Structures are given as structure tokens and as C-alpha cells.
Amino acid sequence: MADELEKIRREIDRLDDELAALVEERAAQARKIGELKAGAAAYRPERESQILRRVMQQARVLAPERMASVFRAIISAFPRLEQPIGVSYLGPEGTFSEQALRKHFGGAVEALPVASVDEAFRRCESGGAQFTVVPAENSTEGVVGRTLDLLVATPLRICAEIELRVQQNLLSRENKLGAVRRVYSHSQSLAQCNGWLAQNLPNVERVPVASNAEAAQRAAQEQASAAIAGQAAGERYGLNALARSIEDDPNNTTRFLVLGNVDPAPTGKDRTSIVLSAENKPGAVHALLTPLAEHRVSMSRIESRPSRAKSSMWEYVFFIDLEGHQKDAPVAKALAELKRRAPYLKVLGSYPVAN
């Protein structure tokens, strides 16, 4: 057995040497691209999405998601040779927003934590960051209303989406569940764990805060307190996991958006997000949706939000996700027809579907 192990280890060493040489060769090619671009955007979501889809199809021993994770790390390092990238997100460190950022961009970007979703938008709009990552919706609790409201006014465009499986944990400096008297978390996370809390901590005070990482910070500073947050926050703030995976939905997933000033080209597997208004009369919404049916454009989501215009009390805008890119002929024709019918329409962006 010892001889066989040594033989396998020598083969792994040989493969590692080959991988290192190939990584160096890829880095050299990435540097050439940077020179040819002469300062143009280093991050191209459509290109990265195509690479990940291709390598995931080649996975045999590794799960496709693991193969994608390896190549995300490689991709994230090389474009940064061309141009450093700063990305704002809802902080502090340890939030699910940071996890989503790292999943998508890897570890070689400058992650810029801010105190609110509003500030994440502002930092990017002002040029203090090239991109921002913001939560858009949760599979259990629905949309993040503030993000949708800010999308209406921002000049930023959606250039990618990230889906993050969210595992909620009860974290505390205490060692026993019975010692907990209050629980901090973001309001969405409290709602995602409502059933577990009602069953296991029915008389404990629930305190909503700006982020799960802030909840972990408070729990680390206070006795008899706990936080609902991810594992990363627990590790960062030195908390014990009194209970793991306490979310009511075992498939709990949050969708995040990447916004910036990049317009991804079509990849063949894209999504287009729009926001529009309808006239306040019977059948108006149905009339707006008719062009989608006529041009055979699938609609994957529709959400209504109150209009923020001061002169339009009790009027609503509609956020719609369409399957396809705005440059695809059917989508382009449907959007042209919608522009003629809708009092207001804004294309929020076309981007690759999350891998």
C-alpha cells in the first residue's frame, strides 16, 4: 500500500506542476488581453458565464458546481491583472452579500462594505466602486423592496445575477440555547426562520437590524444574545453555533444582482429585466403583456411596487423578468411594442442567467 500511495502522490505532483505551468501561461494571455484593451472593462460577465458553462459540462469526477468554483477562482485572479476591481456590498464583513460577491468575483477583488443597500448603490454611482452586489429576492420571503425601488432611478444597469443557497444558523457567545433571551438578525432572515423560532425560542425577543453581520457583532458583544447569520459571520466574530440550518425552507435561496456600467453581450442563455407602468384603466396590464405572448417571449417573474412619483398615489410600477437578451429578435420586437404602449418603460439590463 505504501508503494502504491507514493506512486499516486508522484503522479499528483506531476499534474500539479503541469497545472502551475498552465496557470502561468493563462496569466500571460490575460495580460496580453489587458494590453489590447488599453484600460477597457476587465470584467465581462457574458464571457465568464460562457467559460463556466463549458467547464461544468466537462466535469466527471467533480460535481459541476465544484468545477465551476475552481474556475471562478482562476477567472477572478486573471482579469484583475488587467485592471483592479472594486465592488460595494451590504456590510459589514460576514454578510450573505459578501458571500455572494466572493462566489461571483472570487477573492481577487476589493470588497467594499457599506452600511445600507442605498449606500451600495451610491458608492457605485459615484465611481467609488466599479460594481455593486445587492440582494433582490429570496425564495421564501420574496423581493427586497428597497432594491427594486432604487433600480427605477439608478443609472446603473444589471450586468449579472448570483444565486446563493442561504443556510441560517443561530450563533451566540453562550453555550446553551436556554441562555438566549434575544435574537438579532435582518428582518428577512427572521422571517425565513419564523417557524423554527416559534418552536424552539417562542418567548425570545426578536430584534431586526440592518444586516446579519451586524447581528453577529451585537451577539458577540452582549450576554444572553444570539444572531441568525451564516457560518462566515460566526467564524469572523467568534460565535458558537447553537443550531445550524434553522431556515424553514430547506431550499432557501437568495438572488443577488450585480450592477455597474457594463452591458453584457448575448450568450444564448440570458435574462432581461424591465420596469414599466400601466395606465389606470381596466385591462391595461393585460394589454401590456400581450406583446410578450405575440412574440413568444417567456416571462419568468412579475412584481408590482407602488410608484414613488409624488403625483401618482395608488399607482404602481411592474418589474418583469424576460427570458432572452434585449438584442435577441423576439425580445427586441416585444420591447419595441411595449415602449409604444407603456407610459413608462426602463430596461434595467440584459445579463447571463446564473450558473
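Residues numbered from 1 in each chain as written. Predicted model: local features only at pLDDT ≥ 70, side-chain atom pairs only at ≥ 80, totals over all residues. Heavy atoms only, no water.

> Pulling in residues and values, what's your account of the environment of Leu101?
Residue position: Leu101 is located in helix H5 (residues 96–105). Residue Leu101 is classed as buried on the basis of its relative accessible area of 0%. Residues Leu101 and Val134, spaced 33 residues apart in sequence, show a C-alpha to C-alpha distance of 9.1 Å. For Leu101, the contacting residues outside a window of four places in its chain are Val87, Tyr89, Gly106, Val109, Ala111 and Val133. (Helix = DSSP H or I, 4+ residues; strand = E, 2+ residues; numbered from the N terminus. Buried < 20%, exposed > 50% of the residue type's maximum accessible area, 1.4 Å probe, protein only. Contact = heavy atoms within 4.5 Å.)

> Break down the confidence of the model for the protein chain for me, citing the residues and quoting the values.
Of all residues in the protein chain, 94% attain a pLDDT of 70 or more, and the chain-wide mean is 88. Least confident of the elements in the protein chain is helix H4 (residues 79–82), whose mean pLDDT is 52; most confident is strand S6 (residues 169–172), at 97. (pLDDT = per-residue confidence, 0-100.)

> Before we move on, could you go through the side chain of Thr132 and cite the residues and values that matter?
Relative to the elements of secondary structure, Thr132 occurs in strand S3 (residues 131–138). At 3.3 Å, the side chain of Thr132 and the backbone oxygen of Ala120 are in polar contact. When residues no more than four places from it in sequence are discounted, the contact partners of Thr132 are Val87, Ser88, Tyr89, Ala120, Phe121, Cys124, Leu156, Leu257, Val258 and Leu259. (Polar contact = N/O pair within 3.5 Å; in protein donor to acceptor, adjacent residues only side chain to side chain.)

> An account of the packing of helix H6 (residues 117–125) against helix H7 (residues 145–153) is requested, with residue identities and associated values reported.
Contact pair H6 / H7: the axes reach a minimum separation of 10 Å and the direction vectors enclose 30 degrees. Overall, the two elements H6 and H7 adopt an arrangement that is roughly parallel. Where H6 crosses over H7, the handedness of that crossing is right-handed. Seen from H6, the contacting residues are Val117, Asp118 and Phe121; seen from H7, they are Arg146, Thr147, Leu150 and Leu151. (Axes fitted to C-alpha atoms, helices over the stretch in contact; angles between N-to-C directions. Parallel < 35°, antiparallel > 145°, perpendicular 65-115°, else oblique. Left-handed = near helix turned anticlockwise from the far one by under 90°.)

> So what about the packing of aromatic side chains? Which residues, and what values?
This model, assessed by the stated rule, comprises one aromatic pair. When the ring of Phe105 is compared with that of Phe131, the centres are 6.0 Å apart and the planes differ by 40 degrees; the resulting orientation is tilted. With Phe105 in helix H5 and Phe131 in strand S3, this residue pair connects regions lying 26 residues apart in the sequence. Accessibility expressed as a relative area gives 0% for Phe105, which makes it buried. (Phe/Tyr/Trp six-rings, centres within 6.5 Å; stacked < 30°, edge-to-face > 60°.)

> I'd like a rundown of helix H12 (residues 284–294), residues and numbers included.
For H12, every residue scored as buried is listed here: Ala284, Leu288, Pro291 and Leu292. Angular distribution of buried residues about the axis of H12 spans 105 degrees; they occupy a single face of the element. Set apart from the buried face of H12 by more than 90 degrees, the exposed residues are His286 and Ala293. Structurally, H12 contributes buried residues whose contacts are with strand S12 (270–277), strand S13 (299–306), strand S14 (316–323) and helix H13 (329–341). Just downstream of H12, Arg296 is the residue with a positive phi angle, here 55 degrees. (Arc of directions from axis to C-beta.)

> Could you give an account of the packing of H12 against H13, naming the residues involved and the relevant values?
Where H12 meets H13, the axes come as close as 9 Å, and the angle between the chain directions of the two elements is 165 degrees. Considering their axes alone, H12 and H13 lie roughly antiparallel with respect to each other. Considering how the two elements wind past one another, H12 and H13 form a crossing that is right-handed. Packed against H12, whose contacting residues are Ala287, Leu288, Thr290, Pro291, Leu292 and Glu294, the element H13 presents Ala334, Glu337, Leu338 and Arg341 at the interface. Considering only residue class, the contact of H12 with H13 consists of six nonpolar, one polar and three charged. (Nonpolar A, V, L, I, M, F, W, Y, C, P; charged D, E, K, R; others polar.)

> Summarise the sheet that holds S12; cite the residues concerned and give the values.
The four strands are arranged S13-S14-S12-S15 in an open sheet whose pairing can be described as antiparallel. Bordering the open sheet on either side are S13 and strand S15 (345–352), each of which pairs with just one other strand. Direction aside, neighbouring strands of the sheet carry axes that sit 15 degrees apart on average. Here S13 pairs with S14 via seven bridges, running antiparallel. Note on S14: the bridge partner recorded for Ile302 is Ile320. Across the face of the sheet, H13 comes into contact with S12, S14 and S15 while running at roughly 5 degrees to S12. (Pairing = 2+ DSSP bridges.)

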